[in-house]
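Structure at a glance
The residues making up each chain are set out below.
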Amino acid sequence: KTQHVRSSMQNITFEHLDVPSTVRYMAQVHIFVSVHGAGMTNMFFMNPGSAVVEIIPFPLCNCRSPDYFYGTGGYYHGSAIAQDIRHYHYCVPANEVKWHRKPEDIRTGSNVHGN
């Protein structure tokens, strides 16, 4: 017997939602996929048992050592686990990055924006 699963995918920009709308929306989300950044904090409104996929862009992660990225005091991994939310990550390797304008030197780890 074939099972049919209903699913939907939406692209949301949270900066256009007020806090109550964000909370209501995220409480209904089962799988949240987002690029690493401030928008990931919206996972705190998800229900236990949900899942988060964090996309970590190069050069934030060297893709050879996730332990480096999720070491003591790591970003969203520990918070997700504490809330009983499954956390998965995808490190984008350098050869998959499409730059609009490539930074001067991405190997030094220096701040490419000059701040």
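Check the entry above for the structure.
Worth saying up front: this structure is predicted, and the values here are computed from it rather than measured.

Take the overall build of the chain next. Across its full length, the chain carries three helices and three strands. If you list the helices and strands of the chain from N to C, you get α-β-β-α-α-β. Taking all 115 residues of the chain together, 23% fall into the buried category. Once local pairs closer than 6 in sequence are excluded, the contacts in the chain between residues at least 24 apart make up 46%. Carbon and sulfur atoms provide 52% of the accessible area of the chain, an area that totals close to 9,000 Å².

Let us look at the side chain of Ser50. If you trace the backbone, Ser50 turns up in the loop between strand 1 (31–35) and strand 2 (51–56). According to the relative accessible area criterion, Ser50 is buried, its value standing at 4%. In terms of polar contacts, Ser50 uses its side chain to reach the backbone carbonyl oxygen of Val29, at 3.5 Å. Leaving out residues up to four positions away in the same chain, Ser50 has contacts with Val29, His30, Asp84, Ile85 and Arg86.

Our focus in this paragraph is unusual backbone geometry. Here Asp84, not a glycine, exhibits a phi torsion of approximately 60°, which is positive. Relative to the helices and strands, Asp84 resides in the loop between helix 3 (77–82) and strand 3 (86–91).

The biggest cluster of nonpolar side chains holds eleven residues, and these are Phe14, Met26, Val29, Phe32, Met40, Met43, Met46, Val52, Tyr76, Ala80 and Ile85. Among residues more than four places away in sequence, those in contact with Met46 are Met26, Val29, His30, Phe32, Ala51, Val52, Gln83 and Ile85.

This part is about the sheet that holds strand 3. The strand order 1-2-3 describes an open sheet built from three strands, whose pairing is parallel. Here the strands that pair on one side only, and so sit at the sheet edges, are strand 1 and strand 3. For this sheet the average axis-to-axis angle between neighbouring strands, irrespective of direction, equals 15°. Relative to strand 2, strand 1 runs parallel, the two being bridged by five bridges. In the strand pairing of strand 2, Ser34 is matched with Glu54.

On to the packing of aromatic side chains, then. Geometrically, a pair of aromatic rings is defined through the distance of the ring centres and the angle of the planes. Evaluated as defined, the whole model comprises two aromatic pairs. Ring geometry for Phe14 versus Phe32: centroids 6.1 Å apart, planes at 75°, classification edge-to-face. Residue Phe14 is found in the segment before helix 1 (19–26), and its partner Phe32 is found in strand 1; the two are separated by 18 residues along the sequence. Taken as a pair, Phe14 and Phe32 share a single burial class, namely buried. Connected via pairs of aromatic rings, a cluster forms that spans Phe14, Tyr25 and Phe32.

Reading the values: the criteria
Starting from 1, residues in each chain are numbered consecutively following that chain's sequence as written. The predicted origin of the model limits local features to residues at a pLDDT of at least 70 and limits the giving and counting of side-chain atom pairs to 80 or more, whereas totals for whole chains, interfaces and linings rest on all residues. Neither water nor hydrogens contribute to the side-chain values; these are computed over all heavy atoms in the structure. Note on conventions: DSSP H or I runs of at least 4 residues are helices, E runs of at least 2 residues are strands, and numbering of each starts at the N terminus. Burial classification: accessible surface area is computed with a 1.4 Å probe over protein chains only, and a residue below 20% of its type maximum counts as buried, one above 50% as exposed, and the rest as partly exposed. Any two residues having at least one pair of non-hydrogen atoms within 4.5 Å are treated as being in contact. Each accessible area value is a Shrake-Rupley result obtained with a 1.4 Å probe; residue values ignore everything except the protein chains displayed when judging cover. Nitrogen and oxygen atoms within 3.5 Å of one another constitute a polar contact, given that in protein one can donate a hydrogen and the other can accept it, and given that sequence-neighbouring residues count only through two side-chain atoms. Throughout, nonpolar core names a set of buried Ala, Val, Leu, Ile, Met, Phe, Trp, Tyr and Cys residues whose side chains join them through atoms within 4.5 Å. Two strands pair if DSSP finds at least two bridges between them. The axes are straight lines fitted to the C-alpha atoms, using for helices just the contacting stretch, and the angles between their N-to-C directions are given from 0 to 180°. Centres within 6.5 Å are what make two rings of Phe, Tyr or Trp a pair, Trp counting through its six-membered ring; a difference in plane orientation under 30 degrees is then read as stacked, over 60 as edge-to-face, and the rest as tilted.

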